[in-house]
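Descriptive analysis of the structure
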Amino acid sequence: MIARFRPAHRQGKIAAATVTAVALGLIPAITAPAGAVEIFPVQLVTVQTPDRAAKARLAGLGLDMTEHAGHDYVEVVLHRAADAEALRSAGLTWNVRIPDLVERESEINAANRAYAATTPQSPLPSGRDTYRKLDDYNDDLARLAAIRPDIVKKFALPLKSLEGKTIYGVEIGRDVRAAEDGRPVFLMMGVHHAREWPSGEHAIEFAFDLVKNYGADERITDLLKKARVLVVPVVNVDGFEKSVNDGHLIDLRPVDDGGTGSIFATPGNAYKRKNCRIVDGQEPLAGECALASSPGGFGAGVDPNRNYGGFWGGPGAAAEPVDPTYRGAGPFSEPETENIRRLVSSRQVTNLITNHTFSNLVLRPNGVAPDTPGPDGTPVGDPPDEAALKDLGDRMAAQNGYTSQHGWQLYDTTGTTEDWSYNATGGFGYTFEIGPDEFHPPFPKVIDEYVGAGEFAGKGNREAFLIALESAVDVKAHSVIAGAAPADATLRLKKTFATPTWSGAIKDTLDTTMVVGRSGKFTWHVNPSTRPAVKAKQIKVISSEPLERKTFTGTTPPNGTTDQEFVVDRAADVLEVKLDWPTPDDLDLYVLRKNADGSLTEVGRSAGFVGEKERVLLDDPEQGTYVLRVQNFASVTPSWTLTASLFDATEESVPGLIENWTLSCEKDGKVLQQVPVVVDRGQQVKADLRTCAQKWADH
Ligand code: 0X9
Ligand code: ZN
């Protein structure tokens, strides 16, 4: 069956919240004086979504949905009374899972302090016993480079954050300070989303792990000889700083005039998701970001994981600034994403992991379902490397116990990190959603989930990360260009192309270099020259005239269903069933097949977004009787038209392009030779640079 596609319309129905005392990070009233404004506790709830229509209604509310969801529920953070009201008016029901995230924050803080007080050294590679703040990250990155300057180099990303902070990472590998020597690059990132603290912890602990074990552990030593590893633990430094500072305990006793007063966390920004862009195109004023957010730090900002250029502006990314998945003013409009873009464009990153929390998932491209009509009108399809991407995703998931799946299998997304990186560079890319049940759980859980202890016994991310790094150096998973060239020559691989966004394109340039060693022989581990986005694909084209068509009309009362029968008595390639109605009501369509014993088996359903018409496509429909069922979710009795059509179809191949790298051989910035190089994944090609050698000798 080809499931039909519906764009996710997030309408951002909720107006920007006014800045209240709570929004300002003031303390939630523990004992609210009589007559005071009732303070809504920020809470985590499980919304029941028994069908796709309910999920769609939920998605349309612009609420802070988490990644934690199943076929009949989605967990949602409610930041204010209006959020609960929105659920209620959409007819949705929910259970409260964490009734007061502020209180939970305080509990977590207490647990963390208790653990830290009794644990001088945790089993983490760094030995840390509590969450890092931003300064701790920066200090630790510097410390790593100071301890082992031979294998660790600290670097700053090209752009400062909106608040003017420098964003740091480390590069790890044998002889890290020597010139680029053609080794493949593995990139590990954390904290695109401010509140997802473990995502940064696991990233930096992996850095500690590699550094600590270099020279001691054979596997890690070998990997650091073969690869260079880039770790950027906190991509969204501004947002993280707000979340982690406001998410830690604040002791009120001093301001309580020595009284018995409360020790409480502030709700301010602990659950902030996005960056600090308050107004498109403008930098925030000093202090503005901390104050501008609505309760929970939820309102303001651009979602860094919707701002990348790949498919930017498509489904699953919001156009409204107040929405949790706001895509920003344009592709790469934010320093966080532009930084990662430049990093990935200047190195041969053959594999990357971008860490998030939570839901114990290993997600691979694409962010939208394969039958989604893409910007060029043809279905987006699966990535051409689906088999290899799945295989690696499954192997990592077998280690950490997560579920390995496509990004789109939970909800559509566009403009995410690997939507861009994979499609622009061909380098593999995965999103890890760390943790079973909350954005930043008590620290001991973060430790267990890294090392693979406690409830995660034998299932740590450490091992999954090492598998990812092994894949980054696996020549079957990327490409190799080899040959001979003058010693000390700079080789450059460059490529400029248009990356499709959802409604246009942006220009991307990949520009990477290496320096030929003394032997004059080089081996360069690179990404394939042809991008996945332009590879050939097979699509199914339905003929314009049906072989047969039958039309039914009817009405269905609220919460009722109506069945119609349709008999397929000839061979056809596709059965299309369409449901249409004139009003903006919510009708769903189910297609069932009648079995020999009279029982029914559902073979297709289309239960889409409110106000959108329904369509089911069945490939190679078996002959027999079908029941077409209309279900009414609306409160009125609309009339509808149902059409069943049989079609022939042809498989068409959309021809692909073959792209090349341009390889230059340079001396002192002067290009001595330039050759096009075409190389596929898993392939090794020889580059003929004899002209360069000759000219080099003549110089
Ligand atoms: O929505 C996101 O950006 C990620 N989830 S999170 O809860 N950490 O915000 C998931 C991105 C990739 N996921 C899908 N394509 N569904
Ligand atoms: Zn996230």
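Here is what the cut-offs are and how they apply
- Residues numbered from 1 in each chain as written.
- Chains lettered and ligands numbered in written order.
- Predicted model: local features only at pLDDT ≥ 70, side-chain atom pairs only at ≥ 80, totals over all residues.
- Heavy atoms only, no water.
- Donors = N, O, S within 2.8 Å, 3.2 Å for Na, K, Ca; no water.
- Buried < 20%, exposed > 50% of the residue type's maximum accessible area, 1.4 Å probe, protein only.
- Pairing = 2+ DSSP bridges.
- Helix = DSSP H or I, 4+ residues; strand = E, 2+ residues; numbered from the N terminus.
- Axes fitted to C-alpha atoms, helices over the stretch in contact; angles between N-to-C directions.
- Parallel < 35°, antiparallel > 145°, perpendicular 65-115°, else oblique.
- Left-handed = near helix turned anticlockwise from the far one by under 90°.
- Contact = heavy atoms within 4.5 Å.
- Nonpolar A, V, L, I, M, F, W, Y, C, P; charged D, E, K, R; others polar.
- Near = heavy atom within 4 Å.
- Polar contact = N/O pair within 3.5 Å; in protein donor to acceptor, adjacent residues only side chain to side chain.
- Areas by Shrake-Rupley, 256 points an atom, 1.4 Å probe, with all protein chains shown as cover.

The next thing to look at is the coordination of the zinc ion (ligand 2). The protein atoms that coordinate the zinc ion (ligand 2) are His193 (ND1), Glu196 (OE), Glu196 (OE) and His356 (ND1), at distances of 2.0 to 2.3 Å. For the zinc ion (ligand 2), all donor residues lie on one chain, and their spacing in sequence is H-x2-E-x159-H. For the pair formed by His193 and Glu196, the shared burial category is buried.

What follows is about the pairing of strand β26 (residues 624-632). Two elements, strand β21 (residues 561-568) and β26, share 8 bridges in a ladder whose sense is antiparallel. Residue pairing in the sheet places Glu565 in a bridge with Val627 of β26. Both strand β23 (residues 587-594) and β26 contribute to a ladder of 7 bridges, which runs antiparallel. The partner of Tyr590 across the bridge, within β26, is Arg629.

Let's shift gears to the packing of helix α4 (residues 134-147) against helix α5 (residues 197-213). It is the contact of α4 with α5, at a shortest axis distance of 11 Å, that shows an interaxial angle of 10°. One way to sum up the angle between α4 and α5 is to call them roughly parallel. Seen along the crossing, α4 lies across α5 with a hand that is left-handed. Listed contacts from α5 to Tyr137, Asp140, Leu141, Arg143 and Leu144 of α4 are Trp197, Gly200, Glu201, Ile204, Ala207, Phe208 and Val211.

Here the focus is the packing of α5 against helix α13 (residues 461-472). α13 packs onto α5 with a crossing angle of 75° between their chain directions and a minimal axis gap of 11 Å. Overall, the two elements α5 and α13 adopt an arrangement that is roughly perpendicular. Residues His202, Phe206, Asp209, Leu210 and Asn213 of α5 lie in contact with α13, whose contacting residues are Asn461, Arg462, Phe465, Leu466 and Leu469. Classifying every residue of the contact of α5 with α13 by side-chain character gives 5 nonpolar, 3 polar and 2 charged.

Moving on, we get to the site of ligand 1. Inspection of the region around ligand 1 gives 13 residues, with Arg273, Arg306, Gly407, Thr413 and Glu433 positioned closest. Measuring from an oxygen atom of ligand 1, one finds a side-chain N or O atom of His193 at 3.3 Å. Interatomic distance of 2.8 Å between a side-chain N/O atom of Arg306 and an oxygen atom of ligand 1. Compared with its free state, where it exposes 410 Å², ligand 1 has 99% of that area covered by protein. For the shell around ligand 1, the class distribution of residues is 2 nonpolar, 6 polar and 5 charged.

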